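# Chains, contacts and geometry: an overview
The lines below spell out each chain.
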Amino acid sequence: MDKDKGPVYRFLSIYGDNVTKLITANFAFMVFNIPSMLIGFFMTLYFLPRINPVFVPENFYAYMTEAGFAVSSEAGTTDALSQVYYLIILFCVMTLVGSCLVVVGPVQTGFAQLYRNLFRGDTIYWKDDFKKGVKSNIPQAIITSAISLVLSCVFLLAISFYSNVEGNFGTVMTVLFVVLLFILAAIQNIVYQLIVTVDQPLSSIYRNAFLFFLMRFLQFAVFGLLAVVILFVVPFLFLSSFNYFGYGAAILFYITTAFVFTQFMFAYNAADIINIYIVKPVKAQQEAANEITEDADSDVVSDADIDEGDEDDDTEEGEEEAQAADGDLLEDE
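Throughout what follows, the structure given in this document is the object of discussion. Note that the coordinates shown come from a computational prediction; the quantities given were computed from them, not determined experimentally. (Residues numbered from 1 in each chain as written. Predicted model: local features only at pLDDT ≥ 70, side-chain atom pairs only at ≥ 80, totals over all residues. Heavy atoms only, no water.)

## Some words on the overall build of the protein
- Check the secondary structure of the protein and you find 13 helices and zero strands.
- Here the protein, with 333 residues, has 47% of them falling under the buried criterion.
- At a minimum sequence separation of 6, the contacts of the protein that also span at least 24 residues come to 77%. (Helix = DSSP H or I, 4+ residues; strand = E, 2+ residues; numbered from the N terminus. Buried < 20%, exposed > 50% of the residue type's maximum accessible area, 1.4 Å probe, protein only. Contact = heavy atoms within 4.5 Å.)

Structure follows, in structure tokens:
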């Protein structure tokens, strides 16, 4: 892939070259995350009306009617507005799941493995890559998804509380927790990439993910806004047509594109920064350690004054350095 043409070109080229496989992966993501969607559905039904009373069903129907929204004559007004209400709920659920805030952890590491291999330019066999990512990282993936679920509920609870507090303080706190929710989504996407790339404790992975987020704050902020556009705004625009064609287009968009495009966008940026600050330095350490070992071996052969004890010491020292580099970070190389 031509890296000289920039990351955006390379991202789109990789996506275009593998679009069929990615569509399949997108559909698989929806199937495997049905439990996450159910959790997200109950979370949305609980928190959304508390964040904004307009989303209490009766209030929503009254608001839409007073606003003069035209609805299809193919169904009664109440039935049509009910469909719109639950489609908005559905869009919120899809945003929670697609942003990695509420996902099945082991499933997500399977897709993270796929995205990592795509970034590297490898030929992907998505079923094999997916299985490898799932089987190799189950404990950390389960803990990661649990952390994300708990923090998401805490932040949404805080948003629902402070959004009903009058005055500037309530507004400031609401904005703060909304921003924290965006940050959590970005960090979770980085964490899943780190899990499938490095061999580190989860505490170190989260620390590195936070540092990487700070290093590319602007990029991840833009990606966060794009994620909202892709996962919520675009389907809502389809919905705004208030006809069955628009509903079908929104569903088709979710099935074929929305999830995998959003997550590969995050994963590409995360994999790039991981490659720069972890993968390349560790590979350089490994190469240096191998050179030390080779130099020690050549010295033993060429210098007749070195006894067997010195030879063993030099060789063992080189092997220890190589092992230190190999065992430090990289996984699945």
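Once you've had a look at it, read on.
## Concerning the nonpolar core
- Within the largest apolar cluster, 78 residues are counted, with the highest numbers of intra-cluster contacts made by Phe-111, Leu-114, Ile-190, Leu-194, Phe-259 and Phe-264.
- Beyond its immediate chain neighbours, meaning those up to four positions away, Leu-194 contacts Ile-205, Asn-208, Ala-209, Phe-212, Ile-274 and Ile-278. (Core = buried A, V, L, I, M, F, W, Y, C linked by side-chain atoms within 4.5 Å.)

## Focus on the environment of Gly-121
- Its location among the elements puts Gly-121 in the loop between helix 6 (105-119) and helix 7 (126-136).
- With relative accessibility at 54%, the residue Gly-121 sits in the exposed group.
- Note: C-alpha distance between Gly-121 and Arg-10 (111 residues apart in sequence) is 9.8 Å.

## Some remarks on the packing of aromatic side chains
- The full count for this structure, using the stated rule, is 34 aromatic pairs.
- Taken together, a centroid distance of 6.0 Å and an interplanar angle of 75° make the contact between Phe-223 and Phe-266 edge-to-face. Placement of Phe-223 in helix 11 (residues 217-239) and of Phe-266 in helix 12 (residues 244-302) is noted, with a sequence separation of 43 residues between them.
- Judged by relative accessible area, Phe-223 falls into the buried class, the value being 17%.
- A relative accessible area of 4% places Phe-266 in the buried class.
- For the ring pair Phe-253 and Tyr-254, a centre distance of 6.5 Å and an interplane angle of 45° mean the geometry is tilted.
- On the basis of relative accessibility, which here comes to 18%, the residue Phe-253 falls in the buried class.
- By relative accessible area, which is 3% here, Tyr-254 ends up buried.
- One aromatic cluster is present, built from ring pairs that chain together Phe-29, Phe-32, Phe-91, Phe-111, Phe-130, Phe-232, Phe-236, Phe-238, Phe-253, Tyr-254 and Phe-259. (Phe/Tyr/Trp six-rings, centres within 6.5 Å; stacked < 30°, edge-to-face > 60°.)

## Notes on a nonpolar patch on the surface
- Residues Phe-27, Val-31, Phe-32, Ile-34, Leu-38 and Phe-42 make up a contiguous nonpolar surface patch of roughly 600 Å² in combined accessible area.
- Only helix 2 (19-32) and helix 3 (34-51) provide two or more residues apiece to the nonpolar patch.
- Among the structural elements, Val-31 can be located in helix 2.
- Residue Val-31 is classed as partly exposed on the basis of its relative accessible area of 40%. (Patch = residues over 30% accessible without salt bridge, like charges linked within 9 Å, V, L, I, M, F, W, Y side chains within 5 Å. Areas by Shrake-Rupley, 256 points an atom, 1.4 Å probe, with all protein chains shown as cover. Salt bridge = Lys/Arg side-chain N within 4 Å of Asp/Glu carboxyl O.)

## Topic: unusual backbone geometry
- We note that Cys-100 has phi near 75°; this positive angle belongs to a residue other than glycine.
- Along the chain, the position of Cys-100 falls in the loop between helix 5 (77-98) and helix 6.
- We classify Cys-100 as buried; its relative accessible area is 1%.

## Considering helix 11
- Here helix 11 spans 32 Å end to end across 23 residues, near enough to the 33 Å set by a 1.5 Å rise per residue.
- Restricting attention to buried positions, one finds in helix 11 the residues Phe-220, Phe-223, Gly-224, Ala-227, Ile-230, Leu-231, Pro-235 and Leu-239. (Expected span 1.5 Å × (residues − 1).)

## As for the packing of helix 6 against helix 8 (residues 138-162)
- Relative to each other, helix 6 and helix 8 sit at 115°, their axes nearing to 7 Å. On the basis of the axis angle, helix 6 is roughly perpendicular to helix 8. In the crossing of helix 6 with helix 8, the sense of the turn from one axis to the other is right-handed. Contacts between helix 6 and helix 8 pair Gly-105, Pro-106 and Thr-109 from the former with Ile-138, Ala-141, Ile-142 and Ser-145 from the latter.
- Partitioned by chemical class, the residues of the contact of helix 6 with helix 8 number four nonpolar, three polar and no charged. (Axes fitted to C-alpha atoms, helices over the stretch in contact; angles between N-to-C directions. Parallel < 35°, antiparallel > 145°, perpendicular 65-115°, else oblique. Left-handed = near helix turned anticlockwise from the far one by under 90°. Nonpolar A, V, L, I, M, F, W, Y, C, P; charged D, E, K, R; others polar.)

## Details of the side chain of Asn-137
- Along the chain, the position of Asn-137 falls in the loop between helix 7 and helix 8.
- For Asn-137, a relative accessible area of 3% translates into the label buried.

## Regarding the pattern of salt bridges
- Overall, the coordinates contain one salt bridge when judged by the stated rule.
- Between Arg-216 and Asp-272 there is a salt bridge, with the nearest N and O atoms lying 2.8 Å from each other. With a gap of 56 residues between them, Arg-216 in the loop between helix 10 (202-215) and helix 11 and Asp-272 in helix 12 connect regions that are remote in the sequence.
- What makes Asp-272 partly exposed here is its relative accessible area of 23%.

Bear in mind that shape data such as this cannot, by itself, settle questions of function.
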